[in-house]
Every structure is written in structure tokens, then in C-alpha cells.
Amino acid sequence: MSVKLEKIVQTFYENLEQGKITGRKCKKCGAVEFPPVYACNTCGCMDTEWIEISGKARMHSIVLPAALSSKPEYKELGKFAYGEVELEEGAKLNAVVRGINKKKRKELLDKLPVECRASIYQRNGYKTVVFDLYEDW
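Residues numbered from 1 in each chain as written. Predicted model: local features only at pLDDT ≥ 70, side-chain atom pairs only at ≥ 80, totals over all residues. Heavy atoms only, no water.

**Let's talk about the pairing of strand β6 (residues 92–98)**
In terms of burial, β6 is largely enclosed, as five of its seven residues are buried. Across seven bridges, strand β5 (residues 80–87) lies against β6 in antiparallel orientation. Within β6, the position partnered with Glu86 by the bridge is Lys92. Hairpin remark: β5 followed by β6, antiparallel, with four residues in the connecting loop; positive phi at Gly90, about 110°. In this structure, β6 lies alongside strand β8 (residues 127–133), joined through two bridges in parallel fashion. (Buried < 20%, exposed > 50% of the residue type's maximum accessible area, 1.4 Å probe, protein only. Helix = DSSP H or I, 4+ residues; strand = E, 2+ residues; numbered from the N terminus. Pairing = 2+ DSSP bridges.)

Structure below.
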């Protein structure tokens, strides 16, 4: 028996081009996957559906990029950090959070978790998702 699989990555990027940040919600347990994947990581069910992500999130940790983890293509973002982000819908991911330098990181460490929001960011030839601190909105 074979399973016909939807082109999840293609659909995700097409949705970003339309200004929508989307994930997949499990029809069995209700868990949300972001970035979207075929099967639910909570219960293993493959019966998932597209949902639009609100963009509201909380950042739980902050790691500044080091020489080896700093990607040249992120230079155009300005100051940024990596952080564990939890979406309002429940999904957790490691993400790029804009507007964080050493001084800002130090200020935020005692306040974690802090609110942030997903943004669609135009990169070279495609759109992706980054996060901004809520106070910067």
C-alpha cells in the first residue's frame, strides 16, 4: 500500500508568497507542526491539515551567532540571535530573532520568556520566516 504525499515544502513556500505563515495540525491529537511536516511528531498520525499560524510566539532562550554559526546570507538581517521559540499554537522551533545584539541579549536574559512575532522575510529569491521581539512592533 502506498501513500500519496502532498508537496509540503512547496505548499509552505507558496503560502509565504501569498503572505500566509502556515503549519500542519494533527486531526487526531491537535498538535501543530511548524515548520510543517507530513506526520505528527506527537502521536505519529499522518492525517494532518493546513492551518494559518497567528505569528504570536514566546522566545525562551537566546544564543548569539559565533563565527562558525553566523551565516553570511543573514548579514542583511542586521543584528540577530538564534532562539528557542514557542508559537501560540504550541509548536517549538529554533529560529532567527532579529534585533538582538550583545547588549540587548544581556537585558533580555532575566526577562525570558519574552514575546515575539513571526515575520515573512524576503531573501534571495524566496521568502522565509524570522521573528521580531514584540516590543519592536
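**Some points on the sheet that holds strand β7 (residues 114–122)**
Taking strand neighbours around the barrel as the criterion, the five strands line up as β4-β5-β6-β8-β7 in a closed arrangement whose pairing is mixed. Ignoring strand direction, the axes of neighbouring strands in this sheet form an average angle of 55°. Running over the sheet, helix α1 (residues 8–17) touches β7 and β8 and is turned about 65° from β8. (Axes fitted to C-alpha atoms, helices over the stretch in contact; angles between N-to-C directions. Contact = heavy atoms within 4.5 Å.)

**So, the packing of aromatic side chains**
Counting across every chain of the model gives four aromatic pairs. Residues Phe12 and Phe34 carry aromatic rings whose centres are separated by 5.8 Å and whose planes lie at 65° to one another, so their mutual orientation is edge-to-face. Of the two residues, Phe12 sits in helix α1 while Phe34 sits in the loop between β2 (32–33) and β3 (48–52), which places them 22 residues apart along the sequence. Under the relative-accessibility criterion, Phe12 is labelled buried at 8%. Between the aromatic rings of Tyr13 and Tyr126, the centroid separation amounts to 5.9 Å while the plane-to-plane angle is 85°, which identifies the pairing as edge-to-face. (Phe/Tyr/Trp six-rings, centres within 6.5 Å; stacked < 30°, edge-to-face > 60°.)

**Side note on the sheet that holds β3**
Read across the open sheet, the three strands follow the order β2-β1-β3; overall the sheet is antiparallel. At either end of the open sheet lies a strand with only one pairing partner, and these are β2 and β3. Pairing analysis gives five bridges linking strand β1 (residues 22–26) to β3, with the strands arranged antiparallel. Bridged to Thr22 within β3 is Glu52. The sheet strands contacting α1 are β1 and β3, and the helix crosses β3 at an angle near 15°.

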